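What the coordinates show
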Amino acid sequence: MNGFRAALAILVVTACGDGLAGPADSVLIGQFGIATMPIELLATHAGIELDLDCGRYFASSESALLAPDGSFRLRGRYHAGSFVIPSELGATISGAVGSQSQPGTVSVTLTLDGSGPLADPFSITLTRGVRFEGQPQACPV
């Protein structure tokens, strides 16, 4: 039983310490979207997900640690909703939180590994707490 208590104490101390997404780290947290497009960024301590239309999304199990200038960059996987391209590709998302002139925004750029029709980076600025309000788009089959 003492070994269990010691292990529990170690887990509590490491969970509350500084380091990757610990209390001393600045992490992007929140839900960001755009009212005219079905695009949403969800950022938590557990990871980040950028949902695009037609079942496409980027996901990473890393939290978006913010640098002193408000920027972040992390690796993850891009999942495609189409059978035309591979169903999963390596990808990088980079971005920055809004400046004083654009508080509550986050600009992100999604870059896929490799070449082909999706090689060009996708960039968009999203606003905290904004949700898609339009009609769903018809997705290609």
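All values derive from a computational prediction rather than experimental measurement.

Thoughts on the side chain of T105
Of note, T105 is situated in strand β7 (residues 105-112). In this structure T105 comes out as buried when scored by relative accessible area, which is 11%. Those residues in contact with T105 that lie beyond four places of it in its chain are A96, V97, G98, T125, L126 and T127.

Some thoughts on the sheet that holds strand β3 (residues 47-51)
Taken together, 8 strands build a closed barrel; the order of strands is β1-β2-β3-β4-β5-β6-β7-β8 and the barrel is antiparallel. Between one strand axis and the next, the sheet turns by 30 degrees as a mean value, whatever way the strands run. Bridge count for strand β4 (residues 57-60) against strand β5 (residues 71-79) is 3 bridges, and the pairing is antiparallel. Paired with A59 across the strands is R77, a residue of β5.

Focus on the confidence of the model for the protein chain
With 73% of its residues at a pLDDT of at least 70, the protein chain reaches an overall mean of 79. Taken element by element, the protein chain is modelled with least confidence in helix α1 (residues 2-15), mean pLDDT 38, and with most confidence in β3, mean pLDDT 95. pLDDT under 50 marks residues 1-21. Its contacts with residues more than four places away, or in other chains, come to 11 contacts.

Conventions adopted
Residues numbered from 1 in each chain as written. Predicted model: local features only at pLDDT ≥ 70, side-chain atom pairs only at ≥ 80, totals over all residues. Heavy atoms only, no water. Helix = DSSP H or I, 4+ residues; strand = E, 2+ residues; numbered from the N terminus. Buried < 20%, exposed > 50% of the residue type's maximum accessible area, 1.4 Å probe, protein only. Contact = heavy atoms within 4.5 Å. Pairing = 2+ DSSP bridges. Axes fitted to C-alpha atoms, helices over the stretch in contact; angles between N-to-C directions. pLDDT = per-residue confidence, 0-100.

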